[in-house]
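Inside the fold
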Amino acid sequence: MAVELLIIPCLSDNYAYVVHEAATDTTTVIDVPEAPPILKALNERGWKANLILLTHHHADHIDGVQALSAATGAKIVGAKADAHRLPKLDQEVSPGEKLAIGMEHVEILAADGHTVGHIAYYFPEGGLLFSGDSLMSWGCGRLFEGSAQQMFDTLSRFCELPDDTLVCSGHEYTEANGRFALSIEPENPNLLARMEDVRATRAQSRPTVPVELALEKTTNPFLRGTDPQLRDALGLPESASPVEVFTEARARKDRF
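Everything in this summary refers to the structure shown in the same document.

Criteria and thresholds
- Residues numbered from 1 in each chain as written.
- Predicted model: local features only at pLDDT ≥ 70, side-chain atom pairs only at ≥ 80, totals over all residues.
- Heavy atoms only, no water.
- Helix = DSSP H or I, 4+ residues; strand = E, 2+ residues; numbered from the N terminus.
- Buried < 20%, exposed > 50% of the residue type's maximum accessible area, 1.4 Å probe, protein only.
- Contact = heavy atoms within 4.5 Å.
- Areas by Shrake-Rupley, 256 points an atom, 1.4 Å probe, with all protein chains shown as cover.
- Lys, Arg positive; Asp, Glu negative; His and termini not counted.
- Charge placed at Lys NZ, Arg CZ, Asp CG, Glu CD.
- Arc of directions from axis to C-beta.
- Pairing = 2+ DSSP bridges.
- Axes fitted to C-alpha atoms, helices over the stretch in contact; angles between N-to-C directions.
- Salt bridge = Lys/Arg side-chain N within 4 Å of Asp/Glu carboxyl O.

This part covers the overall build of the chain. Scanning the chain for helices and strands turns up nine helices and 14 strands. Based on the C-alpha atoms only, the size of the chain along its principal axes is roughly 55 × 40 × 30 Å. Evaluated residue by residue, the chain yields a buried proportion of 53% over its 256 residues. Long-range pairs, those at least 24 residues apart, make up 59% of the contacts in the chain with a sequence separation of at least 6. Only carbon and sulfur atoms are counted for the fraction: they give 49% of the accessible area of the chain, which is about 11,000 Å². Taken as two groups, the 22 positive and 37 negative side-chain charges of the chain have centres that lie 3 Å from each other.

Structure, rendered in structure tokens:
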């Protein structure tokens, strides 16, 4: 099934996403940091937003929701567990459920860690994962509310998706995340090659997202808990579990 994906820069470093399914003329917006750039993109294409999907309650992901909904009539969808912190929802969803959007059956995935109640949206036909601030390009979100175990479980869940899944995360943090990864493994050729690509992309003012899950699995330190090379680079013993590797990497990122 063909869908068109728009990546819309918002605020200083946020991204909103728009998915348009031409066959059903269905337009879905994922997270709304601010309404004007999204409305501009929709109007330029003659699209009308039908749904707004929210990943979590942080202001830089929801501040434009009510304005966008008022301007377009789009229905607002978000986590039932987080409804008390989100704009008024037209539909509450929970992990494990599926949401019919056009010809898609979007899977609701638990994504606790950055916040408790965070969810992600997986479009299996389009091969798109909207991960908000859980799995980030070359990183993961800071643990504001959840535990290291919760975020580890979230990322492990995402890693079960097909390798060609495109990860659509909420911020342009890739280069900064890459600098951290290289601080642990400065001679890792996979990391060096990715950083070269990232810097070339940013030099042209292009977004570094979405990114294939396969690339994240080989370069993102938060997805490599079973990699002995990373474990050794972190100075952990052979007995260290994958979640212990993750926890140490996350603690170092917090201090980086």
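After presenting the structure, the write-up continues.
The periodicity of an α-helix, 3.6 residues per turn, causes residues three or four positions apart to be oriented the same way. Taken together, the buried positions of helix α4 (residues 148-158) are Ala-148, Met-151, Phe-152, Thr-154, Leu-155 and Phe-158. Down the axis of α4, the smallest arc covering the buried residues is 160°, so these residues share one side.

Right, let's get into the sheet that holds strand β2 (residues 14-21). The strands that make up a sheet pair up through hydrogen bonds in the backbone, lying either parallel or antiparallel. In spatial order, the strands read β1-β2-β3-β4-β5-β6; together these six strands make up an open sheet with mixed pairing. The open sheet terminates on both sides in strands that have one partner only, identified here as β1 (4-10) and β6 (91-93). For this sheet, the mean angle separating the axes of adjacent strands, direction not counted, is 20°. Along the sheet, helix α1 (residues 36-45) makes contact with β1, β2 and β3 (26-30), crossing β1 at roughly 145°.

This paragraph deals with the pattern of salt bridges. Enumeration over the complete set of coordinates arrives at 15 salt bridges. In this structure, Lys-40 and Glu-44 form a salt bridge, with 2.6 Å as the shortest nitrogen-oxygen distance. Within this pair, Lys-40 and its partner Glu-44 are both found in helix α1, separated by four residues, close to a single helical turn. A salt bridge links Arg-85 to Asp-82; the nearest nitrogen and oxygen atoms lie 2.8 Å apart. The class of Arg-85 is partly exposed, set by a relative accessible area of 27%. Residues participating in the shared-partner salt-bridge network are Lys-40, Glu-44 and Arg-45.

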